[in-house]
Amino acid sequence: MRIGEIRERDIGNGPGIRTVLFVTGCRFNCKGCFNKKLQDFNYGEPFSEKHIDQLEKALKSPYIQGLTILGGEPMEHPEVLTDIIRELRRRGALEGKDIWIYSGYTYESLLRSNIQFRLLLEADVLVDGLFVQALYDPNLKYRGSSNQRVINLKDTNKSQNITI
């Protein structure tokens, strides 16, 4: 897996001040995508131990509310991202923090893949659905187009009903 960027402090990709991991590689090619360069699977640098250390240090700051993973398309790398989250948990970096994932896939489609669903089990919130430029609304909270949903994964997995 390659990454385009780690933002240690970000306020635009979820609530509060967050640490954000931008992965590279996406097959959707949404018109109007705000991260076109991250669609390229060869963009950025290979993820390494130094990136785990950087994420750990940033996440241990008391003012960081959580980790957001987006791209590119995180679901192109579910096994690696699951391992990264588990390692950050093992190191205590995610204690009291939430995890948000942005994906062009819908929640329902991710249920069909055990590997992708395992990544969802590690997260608290999924912002799902393709960005649709015709449905763009700058007034939407945490999403770019009105077809996208902000799903509470913990409640959804408990009740088996999608909880927005």
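Residues numbered from 1 in each chain as written. Predicted model: local features only at pLDDT ≥ 70, side-chain atom pairs only at ≥ 80, totals over all residues. Heavy atoms only, no water.

Chemist: Could you give an account of the overall build of the protein, with specific residues and numbers?
Modeler: In terms of helices and strands, the protein carries five helices and seven strands. Counting from the amino terminus, helix and strand elements in the protein follow one another as β-β-β-α-β-α-β-α-α-β-β-α. A compact globule built from 164 residues would reach a C-alpha radius of gyration of about 15 Å, and the protein, at 15 Å, matches this within 12%. On the principal axes, the C-alpha backbone points of the protein span a range of 40 × 40 × 30 Å. Within the protein, the proportion of its 164 residues that are buried is 48%. As displayed, the protein has an accessible area near 8400 Å², and 49% of this comes from carbon and sulfur atoms. Across the protein, 23 positive and 21 negative side-chain charges occur, with their mean positions spaced 2 Å apart. (Helix = DSSP H or I, 4+ residues; strand = E, 2+ residues; numbered from the N terminus. Rg over C-alpha atoms; globule rule 2.2 N^0.38 Å. Buried < 20%, exposed > 50% of the residue type's maximum accessible area, 1.4 Å probe, protein only. Areas by Shrake-Rupley, 256 points an atom, 1.4 Å probe, with all protein chains shown as cover. Lys, Arg positive; Asp, Glu negative; His and termini not counted. Charge placed at Lys NZ, Arg CZ, Asp CG, Glu CD.)

Chemist: Give me the layout of surface pockets: which residues, what numbers.
Modeler: Taken as a whole, the largest pocket holds about 610 Å³ of empty space. As for the largest pocket, its lining consists of 31 residues, and the residues nearest its centre are Phe34, Tyr102, Phe131, Gly144 and Gln148. If you list the elements that add at least two residues to the lining of the largest pocket, you get strand S4 (64-71) and strand S5 (98-103). Of the residues in the lining of the largest pocket, the class split is 15 nonpolar, 13 polar and three charged. (1 Å grid on protein atoms, 1.4 Å probe; cavity = no way out; pocket = protein on both sides within 12 Å on 5 of 7 lines; lining within 4 Å. Points joined across faces, edges and corners; volume = space filled by probe spheres on them. Nonpolar A, V, L, I, M, F, W, Y, C, P; charged D, E, K, R; others polar.)

Chemist: Provide a residue-level description of the pattern of salt bridges, including the pertinent values.
Modeler: Taken as a whole and assessed by the stated rule, the structure comprises 16 salt bridges. Between arginine 91 and glutamate 56 there is a salt bridge whose closest N-O contact spans 2.8 Å. Of this pair, arginine 91 sits in the loop between helix H2 (78-90) and S5 while glutamate 56 sits in helix H1 (residues 49-59); the two residues are 35 residues apart in sequence, bridging distant segments of the chain. Each member of the pair, arginine 91 as well as glutamate 56, is classed as buried. Residues joined in a network through salt bridges with shared partners are Glu49, Asp53, Glu56, Lys60, Glu87, Arg90 and Arg91. (Salt bridge = Lys/Arg side-chain N within 4 Å of Asp/Glu carboxyl O.)

Chemist: How would you summarise the packing of H1 against H2 if you had to cite specific residues and measurements?
Modeler: Here H1 crosses H2 at 50°, and the two axes come no closer than 10 Å. As the angle between them shows, H1 and H2 are arranged oblique. Between H1 and H2 the crossing geometry is right-handed. Side by side, H1 and H2 meet where Ile52, Leu55, Glu56 and Leu59 of the first sit next to Ile84, Glu87 and Leu88 of the second. Class assignment of the residues belonging to the contact of H1 with H2 gives a composition of five nonpolar, no polar and two charged. (Axes fitted to C-alpha atoms, helices over the stretch in contact; angles between N-to-C directions. Parallel < 35°, antiparallel > 145°, perpendicular 65-115°, else oblique. Left-handed = near helix turned anticlockwise from the far one by under 90°. Contact = heavy atoms within 4.5 Å.)

Chemist: An account of the packing of aromatic side chains is needed here, citing residue identities and associated values.
Modeler: This model, assessed by the stated rule, comprises three aromatic pairs. Residues phenylalanine 28 and tyrosine 105 carry aromatic rings whose centres are separated by 4.8 Å and whose planes lie at 65° to one another, so their mutual orientation is edge-to-face. A residue pair is termed long-range when its members are at least 10 positions apart, and phenylalanine 28 in the loop between strand S2 (17-23) and strand S3 (45-46) and tyrosine 105 in the loop between S5 and helix H3 (107-110) qualify at 77 residues. Plain terms: the ring middles of tryptophan 100 and tyrosine 142 are 5.0 Å apart, the flat faces sit at 75° to each other, and that makes the pair edge-to-face. Of this pair, tryptophan 100 sits in strand S5 while tyrosine 142 sits in the loop between strand S6 (125-128) and strand S7 (149-152), placing them 42 residues apart in sequence. (Phe/Tyr/Trp six-rings, centres within 6.5 Å; stacked < 30°, edge-to-face > 60°.)

Chemist: Quick rundown of the side chain of serine 103? Include the residues and the values.
Modeler: Tracing the backbone through its elements, the reader meets serine 103 in strand S5. Owing to a relative accessible area of 5%, serine 103 belongs among the buried residues under this scheme. Among the polar contacts made by the side chain of serine 103, one reaches the main-chain amide nitrogen of tyrosine 105 at a distance of 3.0 Å. Here serine 103 is in contact with Glu73, Met75, Leu110, Leu126, Val127, Asp128 and Gly129, once residues within four sequence places are set aside. (Polar contact = N/O pair within 3.5 Å; in protein donor to acceptor, adjacent residues only side chain to side chain.)

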